[in-house]
Amino acid sequence: MQPTLLILAAGIGSRYGGIKQLDQFGPNGETIIDYSLYDAIRAGFGKVVFIIREELRKDFEEIFLPKLAGKIDVDFAIQALDSYVPEELGAIQRTKPWGTGHAMLCAWEQTDTPFAVINADDFYGQEAFRILADFLVNNTDDAMHALVGYEVQNTLSDYGSVSRGVCDLNADETLSSVIERTKIYRQSAGDDVGQIVFEEADGLTVLAPDTPVSMNFWGFKPAVFPLVEEQFADYARANYNAPKAEFYIPTIMTNLIQRNQGQCQVFRSQSEWFGVTYPDDKPLVQASFKRLHEEGKYPERLW
């Protein structure tokens, strides 16, 4: 059994101003996805499912199918606005996708092995893929899932706030809760390093620099899909008239834990992480990939 990799690539990229999933960041024009695929294949993943919007399918096929032929099985899942929405709700009055949890659900038909879920626009590092692959191959408990967590201080952007799933852990390093905070940033402090906070309607909350956060690198067993379908149906009914509401993977996991339907082992990765949220992030990401190639972490050409 080889695990499956689900890549969340249906986002609109409103803050970035374009389709960052397909933008070129590596020294030979590689996308960030290329590096995730390269690391996943080395770690033993046997299949990749791109979760995309229908209008992106042709571009994804042209870019990735030739380079992946013979290396890993490839499939596509479409995140449509009406996918898995209860029929009694009728026509959908929204233009924005339902979020990462809904995207994962949209890959149910293409996924029959334990699987990992990642963002298309984040670089996670080789170690993280090895950790998840080992867990998915060797852990046989259908109710035990996994998360690769990163310290929040290593996941910020210099150019604006970011969304992160802030984790609270039990003594055994299993997840107690994870809450999506949509506006996390480092406060300006002149020449000093400012404290990290997340902002909500009722004010600011300080986060310790080593607080583990989710960068959406999850590991799940296939038995989770019926439970996710049930959760999303309830969410869609409750948020049918909220066009900006999003059903996040951290919401799924928190519900599983609270309902005693699952647990989540958290692995603290020491891998380098970086990602792109804003246009100004691009030069930093390009420089990071150039350095990784020069250090021999990746060959001159990936494919």
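Above: the structure in question.
Residues numbered from 1 in each chain as written. Predicted model: local features only at pLDDT ≥ 70, side-chain atom pairs only at ≥ 80, totals over all residues. Heavy atoms only, no water.

A. Fine view of the packing of helix α5 (residues 225-238) against helix α6 (residues 249-258). Direction vectors running N to C along α5 and α6 enclose 105 degrees, while the axes themselves pass 11 Å from each other. Put simply, α5 runs roughly perpendicular to α6. When α5 is examined against α6, the residues Leu227, Val228 and Gln231 are found in contact with a partner set consisting of Thr251, Ile252, Asn255 and Leu256. Looking at the contact of α5 with α6 residue by residue, the classes come out as 4 nonpolar, 3 polar and no charged. (Axes fitted to C-alpha atoms, helices over the stretch in contact; angles between N-to-C directions. Helix = DSSP H or I, 4+ residues; strand = E, 2+ residues; numbered from the N terminus. Parallel < 35°, antiparallel > 145°, perpendicular 65-115°, else oblique. Contact = heavy atoms within 4.5 Å. Nonpolar A, V, L, I, M, F, W, Y, C, P; charged D, E, K, R; others polar.)

B. Quick peek at the packing of helix α1 (residues 32-43) against helix α2 (residues 57-68). Their axes nearest at 12 Å, the elements α1 and α2 cross at an angle of 30 degrees. Judged by the angle between their axes, α1 and α2 are roughly parallel. Note that α1 runs across α2; the crossing there is right-handed. Every residue of α2 that contacts α1 at Ile33, Asp34, Leu37 and Ile41 is listed here: Phe60, Phe64, Lys67 and Leu68. Its residues assigned to classes, the contact of α1 with α2 comprises 6 nonpolar, no polar and 2 charged. (Left-handed = near helix turned anticlockwise from the far one by under 90°.)

C. Representation of the pattern of salt bridges in the model. With the rule as written, the count across this model stands at 15 salt bridges. One salt bridge in this structure joins Arg181 and Glu200, with 2.7 Å as the shortest N-O distance. Taken as a pair, Arg181 in strand β8 (residues 175-186) and Glu200 in strand β9 (residues 196-200) lie far apart in primary sequence, 19 residues in all. Overall, the relative accessible area of 16% leaves Arg181 in the buried class. Each of Glu88, Asp234 and Arg237 takes part in salt bridges that share partners, so that together they form one network. (Salt bridge = Lys/Arg side-chain N within 4 Å of Asp/Glu carboxyl O. Buried < 20%, exposed > 50% of the residue type's maximum accessible area, 1.4 Å probe, protein only.)

These figures capture arrangement, not role.
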